[in-house]
Amino acid sequence: GRYREALDSFQTARRQDTQCNGSSAPTFRFLVAEAYTLHNLHRTHDGIRLLERHISQFERFGQEYHEVLGELYEFTKAYAKAQAVYANGLRAFPQSPMLHYRLARAAAAHGKKKVALRHLAAALALDATLHQAAAAEPAFHRYSLSLTMNRLLGFSFVRRRMKMLEIYGAWLIALIVLDLL
């Protein structure tokens, strides 16, 4: 709730950080926190501009930079831009499961099924713990009838539907029994 105060603090810290041990890690963390604070103040585009303006200072944080910037573009529903940011990050960090996952998510939200499935498969191959997150991700639900998507996610969509059918079937039987009484 106190995002305005947080934003003022981040901006002050960023201005004063040049005196801090010469380390770019705190500055980068402040910058990311400031960008997300701007997002929470419904100023996501300002957060994007802030990151884009300062990226040259933070080359060693390239993977995280691409994750944050891409996510901010996703928040604004600029899925094509998010995909481009994630794809650019993958050129430098091809073994990043999170960049593959986020590219898959942005592609799915943008209706790019082949790209989404290809990058989701890569993400899951690199990090099997992403299965549960992918099964719960709303962007992937549009492909819940896809055999390929179900194979990737261990048929979690099919199992969920079967469970719902069991519940509906039980209710239907209960209603029929009650109607007969």
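See above for the structure.
Computed from a predicted structure; not experimentally measured. Residue indices follow the written sequence of each chain, beginning from 1 at its first position. Two thresholds apply to this predicted model, a pLDDT of at least 70 for residue-level local features and 80 or more for giving and counting side-chain atom pairs, whereas whole-chain, interface and lining totals are computed over all residues. Each side-chain value is derived from all of the structure's non-hydrogen atoms; neither hydrogens nor water enter the calculation.

1. Things to note about the overall build of the chain
Reasoning step 1: A count of helical and extended segments in the chain gives eleven helices and zero strands.
Reasoning step 2: Only DSSP runs of H or I covering at least 4 residues are called helices, and only runs of E covering at least 2 are called strands; the numbering of each starts at the N terminus. When the helices and strands of the chain are placed in sequence order, the string is α-α-α-α-α-α-α-α-α-α-α.
Reasoning step 3: A simple rule labels every residue: compare its accessible area, found with a 1.4 Å probe on the protein chains alone, to the largest value its type can have, and call it buried under 20%, exposed over 50%, or partly exposed in between. The buried share of the chain, reckoned over its 181 residues, is 40%.
Reasoning step 4: Throughout, a residue-residue contact means that at least one pair of heavy atoms, one from each residue, lies within 4.5 Å. In the chain, the share of contacts with a sequence separation of at least 24, taken over all contacts with a separation of at least 6, comes to 53%.
Reasoning step 5: Put simply, the chain shows about 10800 Å² of open surface, and 58% of that area lies on carbon and sulfur atoms. Working definition of accessibility: Shrake-Rupley area with a 1.4 Å probe, residue cover restricted to the visible protein chains.

2. What to know about the nonpolar core
Reasoning step 1: The definition of a nonpolar core used throughout is a set of buried Ala, Val, Leu, Ile, Met, Phe, Trp, Tyr and Cys residues joined through side-chain atoms within 4.5 Å. Membership of the largest hydrophobic core comes to 24 residues, with the highest contact counts inside it found for Phe28, Leu51, Leu69, Leu72, Tyr73 and Tyr86.
Reasoning step 2: With residues near it in sequence (within four places) discarded, Leu69 still touches Ile48, Leu51, Glu52 and Val85.
Reasoning step 3: Membership of the second largest hydrophobic core comes to 18 residues, among which are Ala104, Ala123, Ala139 and Tyr143.

3. Re helix α7 (residues 113-126)
Reasoning step 1: Helix span, expected: 1.5 Å multiplied by one less than the number of residues in the helix. If you check α7, its first and last C-alpha atoms are 20 Å apart, about what 14 residues at 1.5 Å a residue would give, namely 20 Å.
Reasoning step 2: Along α7, the positions that sit buried rather than exposed are Ala116, Leu117, His119, Leu120, Ala123 and Leu124.
Reasoning step 3: As for α7, its buried residues are in contact with α5 (79-92), α6 (97-109), α8 (130-136), α9 (138-141) and α10 (147-152).

4. Some points on α5
Reasoning step 1: An ideal rise of 1.5 Å per residue puts 20 Å on 14 residues; α5 measures up with 20 Å between its terminal C-alpha atoms.
Reasoning step 2: Along α5, the residues that are buried comprise Tyr79, Ala82, Gln83, Val85, Tyr86, Gly89 and Leu90. One side of α5 holds all its buried residues, which, seen down the axis, span an arc of 160 degrees. More than 90 degrees from the buried face of α5, the exposed residues found are Arg91 and Ala92. The arc under discussion is defined with respect to the helix axis, by the directions toward the C-beta atoms.

5. Points about the pattern of salt bridges
Reasoning step 1: Between Lys or Arg on one side and Asp or Glu on the other, a salt bridge is scored when a side-chain nitrogen of the former is within 4 Å of a carboxyl oxygen of the latter. Counted under the stated rule, the structure contains five salt bridges.
Reasoning step 2: Taking the shortest distance from any N to any O, the salt bridge between Arg29 and Glu64 comes out at 2.5 Å. Of this pair, Arg29 sits in helix α2 (residues 24-40) while Glu64 sits in helix α4 (residues 62-75), and the two are 35 residues apart along the sequence.
Reasoning step 3: Arg29 gets classed as partly exposed once you look at its relative accessible area, which sits at 41%.
Reasoning step 4: Put simply, Arg43, Asp46 and Arg49 are held in one network by salt bridges that share partners.

6. Examining the environment of Ser9
Reasoning step 1: By secondary structure assignment, the location of Ser9 is in helix α1 (residues 3-16).
Reasoning step 2: Considered as a pair, Ser9 and Phe30 are 21 residues apart in the sequence and their alpha carbons are 9.4 Å apart.

7. Description of the side chain of His119
Reasoning step 1: If you trace the backbone, His119 turns up in helix α7.
Reasoning step 2: According to the relative accessible area criterion, His119 is buried, its value standing at 12%.
Reasoning step 3: Discounting residues that sit within four places of it in the chain, His119 has contacts with Leu90, His100, Tyr101, Leu103 and Ala104.

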